[in-house]
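# Working through the structure, step by step
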Amino acid sequence: MKKRIDIIGFLLIGIIMPLQLLAGNHYLETTKSIPSSKQINRLKVYIEGSNVDFDYIRRNVRFVDFVNDPKVSDVHVIVTRNFTGGGGINYMLNFYTKRLSQIGDITLNCISSPGDTDDVIRECMTRALKLGLMPYVNETRDGDTVDILYTKNDLRSDSISTMEDPWSQWVFRVSANGWFNLEESIKKLNYSFNVRADKVTEQYKIRASYYMRDKIEEIENDGEWLSSINKHKSGRVQSVYSLSERWSAGVFLSYFQSTFWNTRNSYDFKPALEYNFFPWDISDKKRFTVSYFAGLEMKDYYETTIFNKDDENLWEQNLKINFEVIQPWGEIETRLEGSTYFHDVSKNSVTLSSDLSIRIMQGLSVNFNFGAQNVHNQLYLPAEEVSLEDVLLGNKKLPSTFQLWGGMGIRVQFGSLYNNVVNNRL
């Protein structure tokens, strides 16, 4: 009898233990498959950039909290822009996050047409902002209360792409502007005209432009009127070809005329070569380019220059370095340009300029801009002494071996972090 009980007990143990193990394994697997609880109740967003209508966005994006400082945000959105070949603007919405690393950083585009109004652009930008925020909102507790509404549009993108272009991607622009100011002893009149033609593809870019501006000013001094007429004309034809992901080559033809610069006619022909240390498809976030130009300048002056020249042909070379970074911590752009003449390298100029904006800490940001130019190539300066009238009216470029400029600013903000309410009364 005892032996039978032992056998039954052994059989029970042999059946129960595997069941317990299976149940335990199933329990463990179920535990692993349960997602971790969402830590964020409502998404906090900080947005900045060019041509952003913040009031419109706050009115139409109600499922997040907009904050006044990027340090406390869950998602930081920076809007940058590039001009398209068709004359429109490609607004790039760059989404950055540290708290929601499982989503990571993404970029969405909002492309406007040349004739789009501000209302069309802000609606496009707001729609792209909503779509870009969806993956992040999904990781919050409020994500369960958000849904997506699909609105069908009869004009399909695939039908647009197959439409024939009678202009073969050429875009033309013509503009004219005028301005005047009349007072008892001062009369000012400015007018300008500009025309431009562009053709831009992934492989090459062609641009032809012409610009003219006249600035007329009269000032009364002791019953005598002093007159100033400042004329400016310039034209340019450029063709740039993409050699590879980072190399580009181009040819530049230009024309220049200016009474201020004592130049009756100036014709330039310069081939150029450029290298970008970063791929061009991320140029809206960071760019580091080196460009080299070299070619012939044929000049004709209004007045005999300090070097006793009425006209001359010069061979010139230029080197340009541009570094630009746009990140959540701020942005920086630094430009270095140097030029010299082959016949005399002592006739040269070097220009360094930089714009810097940095967020030091929550609620504190600073910005700097400065520039310096070392000038030794003013071959166009007239030999005759500049009159006091021309100095006061700004008719002539004055001799100088250097130029300095700069500025700085600081911004401090404290108080409530939330910024969802729009009130435009009075």
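Residues numbered from 1 in each chain as written. Predicted model: local features only at pLDDT ≥ 70, side-chain atom pairs only at ≥ 80, totals over all residues. Heavy atoms only, no water.

### With respect to the sheet that holds strand β5 (residues 106-111)
Pairing in this open sheet of 5 strands is mixed, and the strands run β2-β1-β3-β4-β5 from one edge to the other. Two strands lie at the open edges of the sheet, namely β2 (65-66) and β5, each paired on one side alone. The pairing of strand β1 (residues 44-49) with strand β3 (residues 75-83) spans 5 bridges and is parallel. Each bridged residue has a counterpart across the sheet, and for Gly49 the counterpart in β3 is Val79. Contacts from helix α3 (residues 118-137) reach β1, β3, β4 (89-96) and β5 within the one sheet, and its direction differs from that of β5 by about 160 degrees. (Pairing = 2+ DSSP bridges. Helix = DSSP H or I, 4+ residues; strand = E, 2+ residues; numbered from the N terminus. Contact = heavy atoms within 4.5 Å. Axes fitted to C-alpha atoms, helices over the stretch in contact; angles between N-to-C directions.)

### Details of the environment of Gln203
With respect to the helices and strands, Gln203 occurs in the loop between β7 (186-200) and β8 (204-221). When its relative accessible area of 35% is taken as the criterion, Gln203 is described as partly exposed. For Gln203 and Ser248, which are 45 residues apart along the polypeptide, the C-alpha to C-alpha distance reads 9.7 Å. The contacts of Gln203, once residues within four sequence positions are left out, are Val240, Tyr241 and Ser242. Polar side-chain contacts of Gln203 include one of 3.1 Å to the side chain of Tyr241. (Buried < 20%, exposed > 50% of the residue type's maximum accessible area, 1.4 Å probe, protein only. Polar contact = N/O pair within 3.5 Å; in protein donor to acceptor, adjacent residues only side chain to side chain.)

### Section: a nonpolar patch on the surface
Taken together, Phe180, Leu182, Leu189 and Tyr191 make up a surface patch of nonpolar side chains, about 420 Å² in accessible area. Where the nonpolar patch is concerned, the elements lending two or more residues are β6 (170-182) and β7. Classification of Leu189 by relative accessible area gives partly exposed; the value is 36%. (Patch = residues over 30% accessible without salt bridge, like charges linked within 9 Å, V, L, I, M, F, W, Y side chains within 5 Å. Areas by Shrake-Rupley, 256 points an atom, 1.4 Å probe, with all protein chains shown as cover. Salt bridge = Lys/Arg side-chain N within 4 Å of Asp/Glu carboxyl O.)

### A word on α3
Here α3 spans 27 Å end to end across 20 residues, near enough to the 28 Å set by a 1.5 Å rise per residue. Where the residues of α3 are buried, they touch β1, α2 (54-60), β3, β4 and β5. (Expected span 1.5 Å × (residues − 1).)

### A look at the environment of Tyr191
Within the element layout of this structure, Tyr191 appears in strand β7. As a C-alpha pair, Tyr191 and Arg213 span 22 residues in sequence and 5.8 Å in three-dimensional space. In this structure, Tyr191 is in contact with Asn177, Gly178, Met212, Arg213, Asp214 and Ile216, ignoring residues within four places of it in sequence. A distance of 2.7 Å separates the side chain of Tyr191 from the side chain of Asp214, its partner in a polar contact.

In short, the description is geometric, and any link to function would need to be established separately.
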